[in-house]
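One letter stands for each residue in the lines below.
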Amino acid sequence: MTTVRATRVGKRYLSASRETVTGLSPVDLAVEDGAFVSIVGRSGCGKSTLLRLIAGLEQPSLGAVEVDGVRVTRPPDSVRYVFQDYGQSLLPWKTVGDNIRFGLRHAYALTEREARRRDWDALIETKLREVGLSGVAERYPSELSGGMQQRVAIARVLAARPKILLLDEPFSAVDALSRAMLQDLVLEIWRSHGLTVLFVTHDIDEAIYLSDRVIVLGPHGRGIDADAAVRLERPRHQVSTRSNREYLRLRGEIFDLVMGAQDASRGVRALQ
Ligand SMILES: Nc1ncnc2c1ncn2[C@@H]1O[C@H](COP(=O)(O)OP(=O)(O)OP(=O)(O)O)[C@@H](O)[C@H]1O
């Protein structure tokens with residue numbers, strides 16, 4: 001079943017000098033329930049724009065987005081967004097526990113007053129354990145490493161019980177080892193919660209490692225150049241998956257496409 005459908009969806013912006021900028025030329029995209037889909041492409045190609053349109057954080061200039069058959073005109077309750085910069089996701093003046101409490105409050109549609117009366121300490125600890133953290137509820141985000149803060153940001157969105165998780169370059173600001181561990185954490189959360197994930201990244205390796213499908217956006221908001229099916233068995237493994245022949249073939253093909261070595265001017269290519 002299709003859960004996210006973008007139909008001829010495009011975005012134009014007005015620059016500060018009042019020129020029209022193409023954020024994204026019209027694209028069609030259908031994402032199956034439970035799929036893990038990554039979106040890659042060069043800087044400025046419209047990856048974040050596409051994600052923000054799906055999230056209902058921005059409205060399209062053209063076309064429409066539907067989530068579970070309902071046109072998106074504001075952020076749907078079933079959709080949660082994790083930003084690249086955890087500073088944007090977390091409230092720095094609240095403790096880790098209170099940040100997660102904030103997610104829970106939205107999940108249960110409670111006022112701040114109602115939420116304050118709930119004893120959520122055990123639930124908060126459970127959410128933290130799910131992302132591999134414990135005993136940090138009383139600490140402030142600034143007291144944690146970048147990787148730990150991004151784990152808290154993920155715990156907070158999970159507390160809101162989403163069906164669809166949108167992640168916008170969530171690991172680009174963390175070190176390589178933390179990044180590998182966070183990739184495996186997201187795969188585990190995706191599997192155990194039965195989520196649909198849309199994941200924006202600059203990193204072609206990360207996209208293939210995580211996904212069932214990689215969408216390649218062409219430069220300058222041109223739209224979708226390729227839609228690549230990733231037929232690698234799961235569970236994935238940081239070493240063996242990345243040395244698999246099929247992985248390397250796909251990596252080469254997508255890399256050539258993104259770097260412009262392949263002609264992508266003939267519409268969407270279905271990479272097999
Ligand atoms: N609010 C805005 N106002 C004007 N132009 C914008 C706005 N947001 C995005 N753009 C422009 O739209 C285009 C696509 O931007 P977008 O952020 O979606 O690209 P991206 O692929 O996510 O880039 P990056 O990988 O660098 O994050 C760019 O040319 C960008 O400058």
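Each chain carries its own residue numbering, running from 1 in the direction its sequence is written. Per-residue local features are limited, in this predicted model, to residues with pLDDT of at least 70; the limit for side-chain atom pairs, both in listing and counting, is 80 or more; totals at the level of whole chains, interfaces and linings are taken over all residues. Based on all heavy atoms of the structure, the side-chain values leave hydrogens and waters out of the count.

Caption draft 1: Representation of the packing of helix 6 (residues 146-159) against helix 7 (residues 176-193) in the model. The axes are straight lines fitted to the C-alpha atoms, using for helices just the contacting stretch, and the angles between their N-to-C directions are given from 0 to 180°. The numbering of helices and of strands both runs from the N terminus, where a helix is a DSSP run of H or I of at least 4 residues and a strand a run of E of at least 2. Relative orientation of the contacting elements helix 6 and helix 7 amounts to 10°, with a least axis distance of 11 Å. By the criterion of interaxial angle, the relationship of helix 6 to helix 7 is roughly parallel. Contacts between helix 6 and helix 7 involve Gly 147, Arg 151, Ile 154 and Leu 158 from the former and Met 181, Leu 182, Leu 185, Val 186, Ile 189 and His 193 from the latter. Looking at the contact of helix 6 with helix 7, its residues break down into seven nonpolar, two polar and one charged. Angle categories: roughly parallel below 35 degrees, roughly antiparallel above 145, roughly perpendicular from 65 to 115, and oblique for all the rest. Contact between two residues is taken to exist if any of their heavy atoms lie within 4.5 Å; hydrogens are not considered. When residues are sorted by character, Ala, Val, Leu, Ile, Met, Phe, Trp, Tyr, Cys and Pro go into the nonpolar class, Asp, Glu, Lys and Arg into the charged class, and all the rest, Gly among them, into the polar class.

Caption draft 2: Just the packing of helix 3 (residues 96-107) against helix 6, in detail. Where helix 3 contacts helix 6, the axes come no closer than 7 Å and their chain directions differ by 25°. The orientation of helix 3 relative to helix 6 falls into the category roughly parallel. Crossing of helix 3 against helix 6: the hand is right-handed. Facing Val 96, Asn 99, Ile 100, Phe 102, Gly 103, Leu 104 and Ala 107 of helix 3, the residues of helix 6 in contact are Val 152, Ala 155, Arg 156 and Ala 159. Should the near helix be turned anticlockwise from the far one by less than a right angle, the crossing is left-handed, and should it be turned clockwise, the crossing is right-handed.

Caption draft 3: Region of the structure containing the UniProt feature "domain: ABC transporter" (unreviewed entry) in the chain. Per the UniProt entry, the sites bearing "domain: ABC transporter" (unreviewed entry) are residues 4-244 in this numbering. The span residues 4-244 shows a helical share of 35% and a strand share of 27%, and its end C-alpha atoms are spaced 30 Å apart. UniProt positions are given in the numbering used here, feature names are shortened, and annotations may be inferred rather than shown by experiment.

Caption draft 4: Just the confidence of the model for the chain, in detail. With 97% of its residues at a pLDDT of 70 or more, the chain shows a mean pLDDT of 92. Here the predicted complex carries an ipTM of 0.98, next to a pTM of 0.93. For every residue, the pLDDT score states the predictor's confidence, bounded by 0 at the bottom and 100 at the top.

Caption draft 5: Structural detail: the pattern of salt bridges. Any Lys or Arg side-chain nitrogen located within 4 Å of an Asp or Glu carboxyl oxygen qualifies as a salt bridge. The tally for this structure, following the rule as stated, stands at 16 salt bridges. Here Lys 127 ties to Glu 130 by a salt bridge, and the two come within 3.6 Å at their closest N and O atoms. Of this pair, Lys 127 and Glu 130 are both found in helix 5 (residues 121-130), three residues apart, which corresponds to roughly one turn of the helix. Relative accessibility thresholds used throughout: buried, under 20% of the residue-type maximum; exposed, over 50%; partly exposed, between the two (1.4 Å probe, protein chains only). The exposure class assigned to Lys 127 is buried, which follows from its relative accessible area of 12%. Among the residues examined, Glu 130 registers a relative accessible area of 28% and is labelled partly exposed.

Caption draft 6: Here's a closer look at the sheet that holds strand 8 (residues 196-200). Taken in spatial order, the seven strands line up as 6-7-8-3-9-10-11 in an open sheet, and their pairing is mixed. Each end of this open sheet is capped by a strand with a single partner; those strands are strand 6 (79-82) and strand 11 (269-271). Mean inter-strand twist for the sheet, computed between neighbouring axes without regard to direction, equals 20°. Bridge analysis of strand 9 (residues 213-218) against strand 10 (residues 223-229) gives six bridges, and the strand direction is antiparallel. Within strand 10, the position partnered with Val 214 by the bridge is Ala 228. Two strands pair if DSSP finds at least two bridges between them.

Caption draft 7: View of the layout of surface pockets. Of the volumes computed, that of the largest pocket is approximately 490 Å³. For the lining of the largest pocket, the elements supplying multiple residues, two or more each, are strand 6, helix 2 (86-89), helix 3 and helix 6. With four residues, strand 6 is the single largest residue contributor to the lining of the largest pocket. When the residues that make up the lining of the largest pocket are grouped by side-chain class, the tally is 14 nonpolar, five polar and four charged. Cavity means a closed set of points on a 1 Å grid over the protein atoms alone, one where a 1.4 Å probe fits but cannot get out, pocket means an open set with protein on both sides within 12 Å along at least 5 of 7 lines, and lining means a residue has an atom within 4 Å of a point. Grid points are joined across faces, edges and corners, and a volume is the space filled by probe spheres set on the points.

Caption draft 8: View of the site of the ligand. We define proximity as follows: a residue is near a molecule or strand when any one of its heavy atoms falls within 4 Å of that partner. Lining the immediate environment of the ligand, one finds 14 residues, of which Ser 43, Gly 44, Lys 47, Ser 48 and Thr 49 sit closest. Counting of polar contacts relies on pairs of N or O atoms within 3.5 Å, with two restrictions inside protein: one atom must be capable of donating a hydrogen and the other of accepting it, and residues adjacent in sequence are counted only when both atoms are side-chain atoms. Between the ligand and the protein, one listed contact pairs an oxygen atom with a backbone N or O atom of Cys 45 at 3.1 Å. Ser 48 is positioned such that a nitrogen or oxygen atom in its side chain is 2.9 Å from an oxygen atom of the ligand. Burial of the ligand by the protein chains amounts to 65% of its free accessible area of 630 Å². For the shell around the ligand, the element with the most residues is helix 1 (residues 47-55), which contributes four residues. Per-residue accessibility takes into account occlusion by the displayed protein chains alone, with areas from the Shrake-Rupley method and a 1.4 Å probe.

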